[in-house]
Amino acid sequence: MVVKVYGPHCASTKRVLVCLVEKGVEFEVVPVDVTKGEQKDPEYLKLQPFGVVPVIKDGDYTLYESRAIMRYYAEKYRSQGVELLGRTAEERGLVEQWLEVEAHNFQPPAYELAMHVLFGPIFGITPDPKVAEENEAKLVKVLDIYEDRLSKSKYLAGDFFSIADISHLPFTDYIVNKMEKEYLIRERKHVSGWWDDISSRPSWKKVIDLYRPPI
Ligand SMILES: N[C@@H](CCC(=O)N[C@@H](CS)C(=O)NCC(=O)O)C(=O)O
């Protein structure tokens, strides 16, 4: 059964797609155009009642929340493809810790920055330079903590690539390649090296080549 992934062009969906590629899981994509509000269509809301992408369908099984989907496939196909959860309970603990950091410390300011620099008009938000500035300042503090962490280990959870690293790809790509804020990454030697490493993986290159963001 081929996994169906809805909304491939969006940032959160790209986490899921990279995870599937790294695990060697076959998938097909179902377009959901968020610029036209298709994520709020009644049929789509039956799959994802909060009206956001992604959601996956795997036979009769439906799952939403991009990080939950990554955890699910990394666990389900543990013995296939790249190990993405660590090999010990301690490694797994650190993967979970950095996934939580991504979701609660990195993503919120990165998302607000993207909304006020890039995507506001698409989602009906008037870009506010003050909000952008405040969120950039928050992101700077977060990235300083990352710099310290990445001076001690190659990847966030340790010396192994994991779903915690994957989770950072879409929004760091916006920061580096779409928002003209590459300096946030390049001013930090270890963050910069980590970004070069994770963004040069074939899985990420494949996903961004195939599914470009709305703008
Ligand atoms: N926590 C959700 C967030 C999903 C999310 O924010 N998706 C965005 C695209 S990256 C979306 O669908 N936005 C459209 C909207 O908010 O109406 C997840 O990780 O799956």
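Calculation criteria
- Residues numbered from 1 in each chain as written.
- Predicted model: local features only at pLDDT ≥ 70, side-chain atom pairs only at ≥ 80, totals over all residues.
- Core = buried A, V, L, I, M, F, W, Y, C linked by C-beta atoms within 7 Å.
- Buried ≥ 20, exposed ≤ 12 C-beta atoms within 10 Å, placed from the backbone.
- Helix = DSSP H or I, 4+ residues; strand = E, 2+ residues; numbered from the N terminus.
- Domains from an automatic or database assignment.
- Pairing = 2+ DSSP bridges.
- Axes fitted to C-alpha atoms, helices over the stretch in contact; angles between N-to-C directions.
- Contact = placed C-beta atoms within 7 Å.
- Nonpolar A, V, L, I, M, F, W, Y, C, P; charged D, E, K, R; others polar.

(A) Fine view of the nonpolar core. Counting 50 residues, the largest nonpolar core has Val16, Val18, Cys19, Met70 and Ile163 as the members making the most contacts within it. With 10 residues, helix α4 (residues 89–119) is the largest single contributor of residues to this core. Residues from two domains meet in this core; each of domain 1 (3–83 + 206–210) and domain 2 (89–201) gives at least three.

(B) Representation of the sheet that holds strand β4 (residues 61–64) within the structure. Reading across the sheet, the four strands line up as β2-β1-β3-β4 and stay open at both edges, with mixed pairing between neighbours. The open sheet has two free edges, formed respectively by β2 (27–30) and β4, since each of these has just one partner strand. Neighbour to neighbour, the strand axes of the sheet diverge by 20 degrees on average, direction disregarded. In the packing of helix α1 (residues 11–23) onto the sheet, the strands contacted are β1 (3–6), β2 and β3 (55–58), and the crossing angle to β1 comes to about 155 degrees.

(C) Summary view of the domain arrangement of the chain. With domains assigned, the chain is organised as domain 1 (3–83 + 206–210) and domain 2 (89–201). The gap between the C-alpha centroids of domain 1 and domain 2 is 21 Å. Tallying the contact residues gives 12 residues for domain 1 and 11 residues for domain 2. No other element matches the five residues that α1 contributes to the side of domain 1 that touches domain 2. Here the side of domain 1 that touches domain 2 is composed, by residue class, of seven nonpolar, one polar and four charged.

(D) Quick look at unusual backbone geometry. Cis geometry marks the peptide bond from valine 53 to proline 54, where omega comes out at 10 degrees. Structurally, proline 54 is set in the loop between α2 (42–45) and β3. Located in the positive-phi region is glutamate 65, a residue other than glycine, with phi close to 80 degrees. You can see glutamate 65 is positioned in the loop between β4 and α3 (66–76). One non-glycine residue, glutamate 180, adopts positive backbone phi at about 55 degrees. Position of glutamate 180 relative to the elements: it lies in the loop between α6 (163–178) and α7 (183–186).

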